[in-house]
Amino acid sequence: MTISTPLAACPFCPGPSTTLSEQLAQADVAILGQWSSAREGSLQKTGQTSFIISEVLHQPLKSNLKIGDQITLSRHYSGNPGDVFLLTGARGISLHWNEPVTVTSASIHYLKQAPSQKKETSLRLRYFLNYLEHPDQIIANDAFAEFANAPFEAITPLAEDLPREKLRSWLENENTPVPRLGLYGLLLGLCGQESDIQFMEAKIQLPAQEIRMGIGGLMSGYLLLTGSGGLDKIDQTKFRDKTAAFSETFAAMQALSFIWTFGEEKIEKRRLNQSMRLLLERPELADLVIANLARWEDWTVMDRLAELYAAKDYDVRSIKKAIIRYFLVASLVPPTNAGGNDVETSQKAKQFLELLRLTDPQTVQSAERFFQPPR
């Protein structure tokens, strides 16, 4: 009865964005148009922008768009004569145009050479790997988005082809866009060598009072590279150290969850459980930690959670509900499947829930309201 949530995209990157290849594949009509003129809108009239078609990339058989035609959109878009935009549209009762996207001659060539969306993701990523941190920012942003959107299982086959030295230089370079650091840290963990460990440790151990975007990806890459030995150091500096910033400990917890899903051959799940249990001593993270322990079916903390339910520092509704849901999951576990030392997990969980239904019925009802039994 394992509860799992597959990761459809890089968890250490910004939210998925639609790449140029996806826009092209999803469009019924795709053209390149040169900005011609524009009129700003007013209360009386909507704005308008005109483009002259310079190339038709594809269109339905019954369409008759051709080079030199003018396309006018009912909105104002800034530009200069000759600026090139990618225009895509969908056919319905009439043709609906999407937001124009600025492109360059280099990005047009890049887009035309990109492999089809129908090809296997790993094969497609080999193409985009060559364009990470490209001087043309349209290309660099799009290549990064292709990796950020990809499932991790599609990235791992590229381990031997990853540019290890470039990844290190990008992680060191202050000009590297911050949203990309998590992915690059993760990729370095896939292809890194012994000589990279000290570099990654130094980055991870930097004192941090503010949120460091991408540090969770670097920690995950570090754990992929170092295994349980690296986790020992994460335990000491991010989990046991009560002075560690909340954002750093939270990022390390994210790295644990990532390794649980993708790094079982690197660190045993029993060892990951051990680290997650340390975080029960951090009330500010307790509700998330308890949810993870339930998802990981770690029933060794049942007695501890029963104690925490009445503890002063844990007298928070979200924590109490997390504890109740932990016991709800545990109550469904057949005794023969129970982990840890307790072979009567289900019975003990049911007893504690019955007690709470007498002493704290409102919280139990609230926790049960949106509880979904695992499948």
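Colleague: Please clarify how the pairing of strand β1 (residues 29–39) should be interpreted in this entry.
Modeller: Within a regular beta strand, the side chains point alternately toward one face of the sheet and then the other, so they alternate between its two faces. Summarising the sheet, β1 and strand β4 (residues 84–91) pair through six bridges and their orientation is antiparallel. Bridge pairing in β4 places L32 opposite L86. Pairing geometry for β1 and strand β2 (residues 48–58), over nine bridges, is antiparallel. By the bridge assignment for β2, G33 is matched with I53.

Colleague: Explanation requested: the state of the cysteines in the structure shown.
Modeller: When the sulfur atoms of two cysteines share a covalent bond, that bond is a disulfide. According to the stated counting rule, one finds one disulfide in the structure shown. Shown here is the disulfide that connects C10 with C13, its sulfur atoms set 2.5 Å apart. Looking down the S-S bond of the C10 and C13 bridge, the torsion is 75°, so its handedness is right-handed. Residues C10 and C13 agree in their burial class; the two are buried.

Colleague: I would appreciate a short explanation of the packing of helix α2 (residues 105–113) against helix α4 (residues 137–149) in the present structure.
Modeller: The angle between the axes and the distance between the axes are what describe a pair of packed helices. At a closest axis distance of 8 Å, the pairing of α2 and α4 adopts a crossing angle of 35°. Contacts between α2 and α4 involve A106, S107 and Y110 on the former and, on the latter, I138, I139, D142 and A143. A per-class count over the contact of α2 with α4 returns five nonpolar, one polar and one charged.

Colleague: Sorry if this is basic, but what is going on with the layout of surface pockets here?
Modeller: A water-sized probe rolled over the atoms picks out the places where empty space is left. Considered as a void within the structure, the second largest pocket measures approximately 330 Å³ in volume. If you go around the second largest pocket, you meet 15 residues; those closest to its centre are L171, L181, K203, R212 and M213. When contributions to the lining of the second largest pocket are tallied by element, the ones reaching two or more residues are α6 (164–172), α7 (181–191) and α9 (215–226). Grouping the amino acids of the lining of the second largest pocket by side-chain chemistry returns seven nonpolar, four polar and four charged.

Colleague: What is the right way to read the pairing of β4 from this model?
Modeller: When you tally the buried positions in β4, you get six out of eight residues, the bulk of the element. Where β4 and strand β6 (residues 101–102) come together, two bridges link them in antiparallel fashion. From the neighbouring strand, F85 faces β6, where its bridge partner is T102. The pairing of β4 with strand β5 (residues 95–97) spans three bridges and is classified as antiparallel.

Colleague: I would appreciate a short explanation of the packing of helix α11 (residues 246–262) against helix α12 (residues 269–278) in the present structure.
Modeller: In the contact formed by α11 and α12, the axes pass within 10 Å of each other and the chain directions differ by 165°. In terms of axis orientation, α11 runs roughly antiparallel to α12. As for how α11 packs across α12, the hand of that crossing is left-handed. Across the interface between the two elements, M253, L256, S257, I259 and W260 of α11 pack against K269, L272, N273, S275 and M276 of α12. Classifying every residue of the contact of α11 with α12 gives six nonpolar, three polar and one charged.

Colleague: Please explain the side chain of T88 as it appears in this structure.
Modeller: Mapped onto the elements of the fold, T88 is located in strand β4. Under the relative-accessibility criterion, T88 is labelled buried at 2%.

Colleague: So what exactly am I meant to see when it comes to the confidence of the model for the chain here?
Modeller: Predicted coordinates in areas of low pLDDT are best not read in detail. For the chain, per-residue confidence averages 91 on the pLDDT scale, and residues scoring 70 or more make up 94% of the total. Every residue in residues 1–6 is under pLDDT 50, and counting partners more than four places away or in other chains gives twelve contacts.

Colleague: Before we go on, may I ask you to explain the pattern of salt bridges in this structure?
Modeller: Side chains bearing opposite charge may pair, as long as their charged atoms lie close to each other. According to the stated counting rule, one finds 22 salt bridges in the structure shown. Among the ionic pairs, E133 bridges to R180, the shortest N-O distance being 2.6 Å. Of this pair, E133 sits in the loop between α3 (121–129) and α4 while R180 sits in the loop between α6 and α7; the two residues are 47 residues apart in sequence, bridging distant segments of the chain. Among the ionic contacts, a cluster of salt bridges with common partners joins R164, R168 and D196.

Colleague: Explain the packing of aromatic side chains here, please?
Modeller: Counted under the stated rule, the structure contains 17 aromatic pairs. Here Y110 and Y127 contribute two aromatic rings whose centre-to-centre distance is 6.0 Å and whose plane-to-plane angle is 25°, an arrangement assigned as stacked. A residue pair is termed long-range when its members are at least 10 positions apart, and Y110 in helix α2 and Y127 in helix α3 qualify at 17 residues. You can call Y110 buried: its relative accessible area is 1%. For Y127, a relative accessible area of 16% corresponds to the buried category. Each ring, one from Y110 and one from Y131, has its centre 5.0 Å from the other, and the planes form 70°; the classification is edge-to-face. Within this pair, whereas Y110 is found in helix α2, its partner Y131 is found in the loop between α3 and α4, the two being separated by 21 residues in sequence. Across this residue pair, the class does not change: Y110 and Y131 are buried.

Colleague: Looking at this structure, how should I read the side chain of D360?
Modeller: One can find D360 in the loop between α16 (345–359) and α17 (361–369). One buried charged side chain, D360, makes no salt bridge at all; its nearest oppositely charged neighbour is K320, positioned 5.0 Å away. Among the polar contacts listed, one links the side chain of D360 to the side chain of T363, at a separation of 2.9 Å. When near neighbours in sequence (up to four residues on either side) are disregarded, D360 contacts Y309 and K320.

How each quantity is defined
- All residue numbers refer to position in the chain's written sequence, counted from 1.
- For this predicted model, a pLDDT threshold of at least 70 governs which residues receive local features, and a threshold of 80 or more governs which side-chain atom pairs are given and counted, while totals over whole chains, interfaces and linings are taken from all residues.
- Remark: hydrogens and water are excluded; side-chain values derive from all non-hydrogen atoms of the structure.
- Should DSSP find at least two bridges between two strands, the strands are taken to pair.
- To qualify as a helix, a DSSP run of H or I must reach at least 4 residues; to qualify as a strand, a run of E must reach at least 2; elements of each kind are numbered from the N terminus.
- Note on disulfides: each one is a pair of cysteine sulfur atoms within 2.5 Å.
- Note on classification: 1.4 Å probe, protein chains only; a residue is buried when its accessible area is under 20% of the maximum for its type, exposed when over 50%, partly exposed between these limits.
- Angular values range over 0 to 180 degrees, each being the angle between N-to-C directions of two axes fitted as lines to C-alpha atoms, with helices fitted over their stretch in contact.
- Working rule for contacts: check all heavy atoms of both residues, and any pair within 4.5 Å makes them a contact.
- When residues are sorted by character, Ala, Val, Leu, Ile, Met, Phe, Trp, Tyr, Cys and Pro go into the nonpolar class, Asp, Glu, Lys and Arg into the charged class, and all the rest, Gly among them, into the polar class.
- Here a cavity is any set of points on a 1 Å grid over the protein atoms alone where a 1.4 Å probe fits but cannot get out, and a pocket is any open set with protein on both sides within 12 Å along at least 5 of 7 lines; a residue lines the site when it has an atom within 4 Å of a point.
- Grid points are joined across faces, edges and corners, and a volume is the space filled by probe spheres set on the points.
- Roughly parallel refers to an angle under 35 degrees, roughly antiparallel to one over 145, roughly perpendicular to one between 65 and 115, and oblique to any angle outside these ranges.
- Handedness of a helix crossing follows the sense of rotation of the near helix relative to the far helix, less than a right angle counterclockwise being left-handed and clockwise being right-handed.
- pLDDT gives the predictor's per-residue confidence on a scale running from 0 to 100.
- When a carboxyl oxygen of Asp or Glu lies within 4 Å of a side-chain nitrogen of Lys or Arg, that pair is called a salt bridge.
- Between rings of Phe, Tyr and Trp, where Trp is taken as its six-membered ring, a pair exists when centres lie within 6.5 Å; planes separated by under 30 degrees are stacked, by over 60 edge-to-face, and by other angles tilted.
- Note that His is not counted, nor are the chain ends; the positive residues are Lys and Arg, and the negative ones are Asp and Glu.
- For the purposes of these results, a polar contact is taken to be a pair of N or O atoms within 3.5 Å, where, inside protein, one atom must be able to donate a hydrogen and its partner to accept one; residues adjacent in sequence count only when each atom of the pair is a side-chain atom.

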